[in-house]
Amino acid sequence: MIIIMKKEATEDQVTKVYFKIKNLGLTAQISKGEERSIVGVIGDLRKVDKESFKMLPGVEKIISILKPYKLASREFKPHDTVIDVKGVKIGGNEIVVMAGPCAIENEEILLDAAKKVKAAGAKILRGSAYKPRTSPYAFQGLGEEGLKIMKKVGKKTGLVTETEVMDVRNVELVSNYVDIVRIGTRNMQNFDLLKEVGKIKNPIILKRGMSATIEELLMSAEYIMSEGNHNVILCERGIRTFETSTRNTLDLSAIPVLKELSHLPVIVDPSHSSGKRNLVLPMSRAAIAAGADGLIIEVHPKPEEALCDGPQQILPDQFSKLMKELNQIAKAIGRKI
Ligand code: PEP
Ligand code: MN
């Protein structure tokens, strides 16, 4: 449930409400809006006497949240969450582009890609050290060696860094090397992993499971948030449909639907959703036009030699062209890039 405070409610009255919730063994979250404060209550509310909250000074009304996800819902927090990572704001008016190779292959390639995507306007460097591959014989990633390279290249270029974590045992390790931690599509419902990344401070990119509904995605965000980490970035990366001409089907409508249901930032991965280089530019344009707060794009200086996902990684020149186009689209919808 949420407790809506009166416009004129004092700081002290909000604090009293907060402690009443805490004393009942429940979790309270205060959200300060421009006009009034809202206090969210999470936990088993079956034995809670809602009327007793109504009587507290400064309380205007009590609303029950009907959605199964609470902390992630817009009912709970009406204004957009803006996540600040070293000054890069995700979820605000400015569109944030993350780019880089699928996998961290070596320092030379990552640095080359990083310099080029930065010059084109990317703010965040992507790249995986742990790769969830369909085949156990395919390149599995460089592991900690790759994390070290990512950290070094991030430092050299001044880019914010991000990478995937696949295993609960590596959460702490990964969180020490990069700024943003990514949960891949295959782990969206690995609940132990979600709980573990809920305990770290790094923002989390949560990719939609390839066969997951929007509600399931939001329930997974709830797992992370319920452990204390509220900095979750939702990522639409394509879902499985009967269509075979693309690797997945990019669910563009998920963007406005998620923005309506949740206050969390929403980004789009046009690379894994399409699986084809020539589709990355049009799908990126569409995603921004549909209201995405950012993109995560695979860019490789020599995709023909890439150790994974070569066919979908775009060239740095294509990326520069795309950034210029996105600039125009951002302007047309009253945003910046
Ligand atoms: C990735 O972004 O590196 C990746 C593997 O994507 P997904 O989990 O969406 O397949
Ligand atoms: Mn990839």
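My aim in this report is to walk through the structure given alongside it, one point at a time. Quick caveat: nothing in here was measured; it's all calculated off a predicted structure.

1. Quick notes on the side chain of R237
Link 1 in the chain: Looking at where R237 falls in the secondary structure, it is placed in the loop between β12 (232–236) and α8 (254–261).
Link 2 in the chain: Buried charge without a salt bridge: R237, with D269 as the nearest opposite-charge side chain at an N-O distance of 5.7 Å.

2. A few points about α8
Residues separated by three or four positions in an α-helix point in the same direction, a consequence of the helix having 3.6 residues per turn.
Link 1 in the chain: Along α8, the residues that are buried comprise A254, I255, L258 and K259. Taken end-on, α8 shows its buried residues confined to a sector of 130 degrees, consistent with a single buried face.
Link 2 in the chain: Tucked into the core, α8 has its buried residues touching α7 (214–226), β12, β13 (266–268) and α10 (277–289).

3. Section: the sheet that holds strand β2 (residues 27–32)
Link 1 in the chain: With respect to topology, four strands assemble into an open sheet ordered β2-β3-β1-β4, the strand pairing being antiparallel. Sheet topology places β2 and β4 (59–63) at the edges, where each strand pairs with a single neighbour. Here the strands of the sheet are splayed against their neighbours by 20 degrees on average, with no regard to which way each runs.
Link 2 in the chain: Here helix α1 (residues 11–23) sits on the sheet and contacts β1 (2–5), β2, β3 (37–42) and β4; the angle it forms with β2, its principal contact strand, is near 155 degrees.

4. Some words on the packing of aromatic side chains
Link 1 in the chain: Using the criterion set out here, one finds two aromatic pairs in the structure.
Link 2 in the chain: Between Y18 and F19 the ring centres are 5.2 Å apart and the planes differ by 90 degrees, which places this aromatic pair in the edge-to-face class.
Link 3 in the chain: Ring geometry for F191 against Y223: centres 4.5 Å apart, planes inclined by 25 degrees, an arrangement best described as stacked. Note that F191 is positioned in helix α6 (residues 191–197) and Y223 in helix α7, a separation of 32 residues in sequence.
Link 4 in the chain: Of the residues examined, Y223 reaches a relative accessible area of 31% and is grouped as partly exposed.
Link 5 in the chain: Lying across the ring of F53, K20 places its NZ or CZ 5.1 Å from the centre.

5. Quick word on unusual backbone geometry
Link 1 in the chain: Despite not being glycine, K86 shows a phi value in the positive range, around 50 degrees.
Link 2 in the chain: Its place among the elements puts K86 in the loop between β5 (83–85) and β6 (88–90).
Link 3 in the chain: Assessed through its relative accessible area of 65%, K86 is described here as exposed.
Link 4 in the chain: Of note in the backbone geometry, D309 takes a positive phi value of approximately 55 degrees without being a glycine.
Link 5 in the chain: By the element assignment, D309 lies in the loop between β14 (294–298) and α11 (316–332).

6. Overview of the pattern of salt bridges
Link 1 in the chain: The final tally for this structure, using the stated rule, is 26 salt bridges.
Link 2 in the chain: Note that K7 is salt-bridged to E35, the shortest N-O span being 4.0 Å. You can see K7 sitting in the loop between β1 and α1 and its partner E35 sitting in the loop between β2 and β3, a full 28 residues away along the chain.
Link 3 in the chain: Ionic pairing is found between R285 and E325, a salt bridge with its closest N-O pair at 2.7 Å. Here the residue R285 occupies a position in helix α10, and E325 occupies one in helix α11, the gap between them amounting to 40 residues.
Link 4 in the chain: A single network of salt bridges, built from pairs that share partners, joins E107, K152 and K156.

7. Observations concerning the pairing of strand β11 (residues 204–207)
Link 1 in the chain: Of the two faces of β11, the one holding I204 and L206 and the one holding I205 and K207 are both buried throughout.
Link 2 in the chain: In the sheet, strand β10 (residues 180–183) pairs with β11 via three bridges, with the strands oriented parallel. Pairing of I183 across the sheet is with L206, part of β11.
Link 3 in the chain: The parallel pair β10 and β11, bridged by α6, forms a crossover whose chirality is right-handed.
Link 4 in the chain: Inspection of the sheet shows β11 paired to β12 by four bridges, in the parallel sense. Of the residues in β12, the one forming a bridge with I204 is V232.
Link 5 in the chain: Remark: the β11/α7/β12 crossover connection has right-handed handedness.

Cut-offs and rules
- Residues numbered from 1 in each chain as written.
- Chains lettered and ligands numbered in written order.
- Predicted model: local features only at pLDDT ≥ 70, side-chain atom pairs only at ≥ 80, totals over all residues.
- Heavy atoms only, no water.
- Helix = DSSP H or I, 4+ residues; strand = E, 2+ residues; numbered from the N terminus.
- Buried < 20%, exposed > 50% of the residue type's maximum accessible area, 1.4 Å probe, protein only.
- Lys, Arg positive; Asp, Glu negative; His and termini not counted.
- Salt bridge = Lys/Arg side-chain N within 4 Å of Asp/Glu carboxyl O.
- Arc of directions from axis to C-beta.
- Contact = heavy atoms within 4.5 Å.
- Pairing = 2+ DSSP bridges.
- Axes fitted to C-alpha atoms, helices over the stretch in contact; angles between N-to-C directions.
- Phe/Tyr/Trp six-rings, centres within 6.5 Å; stacked < 30°, edge-to-face > 60°.
- Lys NZ or Arg CZ within 6 Å of the ring centre and 35° of its normal.
- Right-handed = clockwise from strand over helix to strand, strands pointing away.

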